[in-house]
Amino acid sequence: MPLTPPATAPAPCAPAGRPPRGRWLAVASVTAGIFALVTVEILPIGLLPAIGDDFAVTDGTAGLTMTMPGLLAALAAPVVTTATARVDRRALLGALMLLLAAANVLAATAPAYWLVLVSRVAVGVAIGGFWPIAAGLAGRLVPGEAAGRAKAVVFSAVPLGSVLGVPLGTLVGDVAGWRTAFALLGALSVAVGAAMLAVLPPLPPAEPLHPAILGGLLRRPRVRLALAMTFLVVLAHFGAYTYVAPFLDEVTGVGPGLVTVFLLVYGAAGVLGNFAGGAVAARRPRAAFACAAWLIALATLLLPWAGRWMGGAVVLLVVWGAAYGAVPVCSQTWFAGAAPGAPEAASVLFTASFQATISLGALAGGAVVDRASTAAVMAAGGLVAALAVPVACARPGAHREG
């Protein structure tokens, strides 16, 4: 089956006639949607003790609220995108935001813990359906030379969710209870969904998506390299970053208040790295991805030594944050360049690989921490990230970099 749409397919740049302000409002609405998704997905990191106490479950059991969305998103990405292959993307994105809102309301009102887990399943489905579409929309909403900048804006929602969404949600949980935090995110999801339906233009599917298309992409050497690169870098990052707070406490010796400050600095560097990485990735995705992997390896390998001092820890966290901030946009750009005729199919593979590896990285890092130390998990993450650098430099056959 060909990967390019037939001549009669709807033009992928349907909003080309919209005024510039309308195009950027559309980009902003998609960015807000990803911000809501990222915040909802990782918010339990700051609320696990409260959730566990409320339902009298262990921290490990409460931790299922973190592992389930990523796994479900990886499964849902190809299923949802394929099942809705003929549905207008504006309507689908709005429906998925309403699903996210319903999941948050269910979590906020759940009388039993199993209902919280059901809500997290719904979060995973929303993520798996939303990301493959949203990740490739920038070029349709803002065509031409501005597409690269629009893509960086969309992906800035990832570090912003960590920098703003999670700390604010945790603060609300501390002041008014964890259920209030989820209720507010439910209201945010409704508002974002309504905004998307109001400002997004009609977005007919760019190409019919069938399982055979995904199978065809997996046979492409450049796509397999993108999968390998994404797997190694995301595994390294989440294997180490999930346990950075205990590392700062045990090795650097800073209190909870300073840990929050350090992570805010890390997140701010991630926002800058997202835009810088997006600018480079638009021209040379391999080089940008390789540089990000090398910097993550450098920072995490040095942390067990230089991280014993506050100054060293801050500097390395800035390097790490800036490097990882570039990773999502580099990964998606590489996937898109490897499959120029099938943007949604490429985004499905990007989403599934990214989300599955988030969960796997957290689990693998936990195993290292339990058997060794937080310093060991930093070093292990650095070694895995270092393996990604030669992968980025590999040249599959006669294909050129996209």
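A. View of the overall build of the protein. Looking only at helices and strands, one finds 19 helices and zero strands in the protein. By residue count, 54% of the 402 residues in the protein fall in the buried class. Contacts in the protein between residues at least 24 apart in sequence constitute 87% of all its contacts with a sequence separation of at least 6. With an accessible surface of roughly 15,600 Å², the protein has 73% of that area assigned to carbon and sulfur atoms.

B. Structural view of the pattern of salt bridges. By the definition in use, this model includes one salt bridge. The salt bridge partner of Arg179 is Asp54, with a shortest N-O separation of 3.4 Å. One end of the pair, Arg179, is in helix α10 (residues 178-199); the other, Asp54, is in helix α2 (residues 44-55), and 125 residues separate them in sequence. Residue Asp54 is classed as partly exposed on the basis of its relative accessible area of 40%.

C. Spotlight on unusual backbone geometry. Residue Ala56 is not a glycine yet carries a positive backbone phi of 55°. Here Ala56 is to be found in the loop between α2 and α3 (59-62).

D. Quick peek at the packing of aromatic side chains. Under the counting rule described, the total for this entry stands at twelve aromatic pairs. Their ring planes at 85° and their centres at 5.8 Å tell us that Trp178 and Phe182 sit as a pair that is edge-to-face. In this pair, Trp178 and Phe182 are both assigned in helix α10, four residues apart and thus about one turn of the helix distant. Per residue, the accessibility class of Trp178 equals that of Phe182, and both read buried. Seen in terms of ring centroids, Phe335 and Phe350 are 6.3 Å apart; in terms of plane orientation they differ by 65°. Their pairing is edge-to-face. With a gap of 15 residues between them, Phe335 in helix α17 (residues 327-338) and Phe350 in helix α18 (residues 343-371) connect regions that are remote in the sequence. Residue classification places Phe350 among the buried positions, given a relative accessible area of 2%. Through a chain of ring-to-ring contacts, the aromatic side chains of Phe55, Tyr113, Trp178 and Phe182 assemble into a single cluster.

E. Quick look at the packing of helix α12 (residues 221-241) against α18. For the pair α12 and α18, interaxial distance at closest approach is 8 Å and the crossing angle is 35°. Seen along the crossing, α12 lies across α18 with a hand that is right-handed. From α12, Val223, Leu227, Thr230, Phe231, Val234, Leu235, Phe238 and Gly239 reach across to α18, where they touch Leu349, Ser353, Phe354, Thr357, Ile358, Leu360, Gly361, Ala362 and Gly365. Partitioning the contact of α12 with α18 into residue classes produces eleven nonpolar, six polar and no charged.

F. View of a nonpolar patch on the surface. A contiguous nonpolar patch, built from Leu258, Val261, Val265, Met310 and Val318 and spanning about 350 Å² of accessible area, is present on the exposed surface. Those elements giving two or more residues to the nonpolar patch turn out to be α14 (256-281) and α16 (310-325). Here the element with the most residues in the nonpolar patch is α14; it accounts for three residues. Its relative accessible area of 34% is what places Val318 among the partly exposed residues.

G. Structural context of the packing of helix α15 (residues 285-306) against α16. α16 packs onto α15 with a crossing angle of 160° between their chain directions and a minimal axis gap of 8 Å. Accordingly, the angle class assigned to the pair α15 and α16 is roughly antiparallel. In the packing of α15 onto α16, the handedness of the crossing is left-handed. Only Gly312, Ala313, Leu316, Val319, Trp320, Ala323 and Tyr324 of α16 make contact with α15, whose side of the interface consists of Ala292, Leu295, Ile296, Ala299, Thr300, Leu302, Leu303 and Ala306. Per-class residue counts for the contact of α15 with α16 are 13 nonpolar, two polar and no charged.

H. A look at the environment of Tyr113. Looking at the element boundaries, Tyr113 is found in helix α6 (residues 113-134). In sequence terms Tyr113 and Asp54 are 59 residues apart; their C-alpha atoms lie 8.9 Å from each other. Beyond its immediate chain neighbours, meaning those up to four positions away, Tyr113 contacts Ile51, Phe55, Val57, Thr61, Ala62, Leu64 and Thr65.

I. The confidence of the model for the protein, seen in detail. Residue-level pLDDT values for the protein average 83, and 89% of them are 70 or greater. Mean pLDDT across the elements of the protein bottoms out in α3 (66) and peaks in helix α5 (residues 89-109) (95). Predicted confidence for residues 1-19 stays below pLDDT 50, and this span has 29 contacts to residues more than four positions away or in other chains. Confidence over residues 398-402 falls short of pLDDT 50; this stretch has eleven contacts with residues more than four positions distant or in other chains.

J. Looking closely at the environment of Leu248. Mapped onto the secondary structure, Leu248 falls in helix α13 (residues 244-252). Residue classification places Leu248 among the buried residues on the basis of a relative accessible area of 0%. With 14 residues separating them along the chain, Leu248 and Phe262 place their C-alpha atoms 8.8 Å apart.

Each value, and the rule that gives it
- Residues numbered from 1 in each chain as written.
- Predicted model: local features only at pLDDT ≥ 70, side-chain atom pairs only at ≥ 80, totals over all residues.
- Heavy atoms only, no water.
- Helix = DSSP H or I, 4+ residues; strand = E, 2+ residues; numbered from the N terminus.
- Buried < 20%, exposed > 50% of the residue type's maximum accessible area, 1.4 Å probe, protein only.
- Contact = heavy atoms within 4.5 Å.
- Areas by Shrake-Rupley, 256 points an atom, 1.4 Å probe, with all protein chains shown as cover.
- Salt bridge = Lys/Arg side-chain N within 4 Å of Asp/Glu carboxyl O.
- Phe/Tyr/Trp six-rings, centres within 6.5 Å; stacked < 30°, edge-to-face > 60°.
- Axes fitted to C-alpha atoms, helices over the stretch in contact; angles between N-to-C directions.
- Left-handed = near helix turned anticlockwise from the far one by under 90°.
- Nonpolar A, V, L, I, M, F, W, Y, C, P; charged D, E, K, R; others polar.
- Patch = residues over 30% accessible without salt bridge, like charges linked within 9 Å, V, L, I, M, F, W, Y side chains within 5 Å.
- Parallel < 35°, antiparallel > 145°, perpendicular 65-115°, else oblique.
- pLDDT = per-residue confidence, 0-100.

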